[in-house]
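A structural walkthrough
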Amino acid sequence: MPMPAIVSYVRVSTAQQGRSGLGIEAQRDALARFAAAEGLETVAEFVEVETGKGSDALDRRPELAKALAKARALKCPVVVAKLDRLSRDVHFISGLMAHRVSFVVAELGKDVDPFVLHMYAALAEKERMLISGRTKVALAAAKARGVQLGNPKLDETRGKAVASLKAEADRAAANVLPIVAEIRKSGATTLSAIADALNVRGVPTPRGGKWGAQSVKNVLARG
């Protein structure tokens with residue numbers, strides 16, 4: 001009798017971690033041990049390298065979108081090593097659950113109720129807010145003591161990176177806007193209807209994900 005299937009999802013939060021493998025192998029090991037202990041077979045693995053902040057982060061996570069699609073097709077759960085590998089944002093966790101794909105957190109066990117997952121997500125979100133608050137207080141205190149914050153060269157590098165990302169987004173919008181114009185001519189007027197039409201046509205977002213009303217709005221704002 002074949003073992004129940006799972007789709008594994010591994011995420012690290014910076015490109016540096018992705019290049020070094022920091023955290024990736026640890027998550028893989030945890031997922032492998034979990035699958036072996038529970039008699040599960042990992043049929044696909046998706047690895048993401050991104051920041052993942054905010055409740056709209058799915059649009060910036062093409063690998064998670066692929067994991068969701070694979071799990072839906074196979075009617076199996078997506079498994080992560082820890083809850084924060086999905087997100088520390090309660091609304092984002094709730095949005096993922098709305099996709100009707102079950103999630104299993106290896107650290108918590110396979111039989112954790114969705115309500116309990118919400119509670120853990122709320123605690124993680126609170127922890128993130130507390131850390132952010134303490135960091136802001138520490139920086140304010142340092143500034144009050146006359147400590148020079150920031151790095152001019154780093155600011156210059158960041159500015160160039162932002163300009164490069166803006167140019168890339170403008171190019172992507174320029175490619176999509178003619179398609180949007182055709183869709184509008186066919187009668188689609190709302191942002192959601194345009195997003196649905198783009199998804200039906202198989203047009204990916206600039207980051208390779210699925211279109212939503214907000215991503216369509218962002219592209220139109222660049223027109």
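Residue positions within a chain follow its written sequence, with the count starting from 1. Whole-chain, interface and lining totals are the exception, using all residues; otherwise, since this is a predicted model, local features are given only for residues with pLDDT of at least 70 and side-chain atom pairs are given and counted only at 80 or more. Working from all heavy atoms in the structure, the side-chain values ignore hydrogens and water.

1. Quick word on the environment of Ser8
- Only DSSP runs of H or I covering at least 4 residues are called helices, and only runs of E covering at least 2 are called strands; the numbering of each starts at the N terminus. Counting through the fold element by element, Ser8 comes out in strand S1 (residues 5-12).
- For the pair Ser8 and Val43, spaced 35 residues apart in sequence, the C-alpha separation works out to 8.1 Å.
- Excluding residues within four positions of it along the chain, Ser8 makes contact with Leu31, Thr42, Ala44, Glu45, Phe46 and Val79. For this analysis, residues touch if any pair of their heavy atoms sits within 4.5 Å.

2. Section: helix H7 (residues 191-200)
- Burial here depends on accessible area, computed with a 1.4 Å probe over protein chains only, as a share of the maximum for the residue type. Under 20% is buried, over 50% is exposed, and the range in between is partly exposed. Where H7 is concerned, the buried positions are Ile194, Ala195, Ala197 and Leu198. Viewed along the axis of H7, the buried residues span an arc of 165°, placing them on a single side of the element.
- Two residues or fewer after H7 comes Gly202, characterised by a positive phi angle close to 80°. By definition, the arc is the one covered by directions from the helix axis to the C-beta atoms.

3. As for the sheet that holds strand S2 (residues 41-49)
- Ordered by their spatial adjacency, four strands build an open sheet running S2-S1-S3-S4, and the pairing between neighbours is parallel. The open sheet has two edge strands, S2 and strand S4 (103-105), and neither has a second partner. Neighbour to neighbour, the strand axes of the sheet diverge by 30° on average, direction disregarded.
- The criterion for strand pairing is that DSSP finds at least two bridges linking the strands in question. Note: strand S3 (residues 78-80) against S4, three bridges, orientation parallel. Under this scheme, a helix contributes an axis fitted over its contacting stretch, all axes are lines through C-alpha atoms, and angles between N-to-C directions fall in the 0 to 180 degree range.

4. A look at the confidence of the model for the protein
- Note: pLDDT gives the predictor's confidence per residue, expressed from 0 to 100. Taken residue by residue, the protein gives an average pLDDT of 77. The fraction at 70 or more is 69%.
- For the protein, helix H1 (residues 15-20) is the element with the lowest average pLDDT, namely 60, and S2 is the one with the highest, namely 94.

5. Topic: the pairing of S1
- Counting buried positions along S1 yields seven of eight residues, so the element is predominantly enclosed.
- Pairing geometry for S1 and S2, over eight bridges, is parallel. Opposite Ser8, over in S2, you have Glu45 as the bridge partner.

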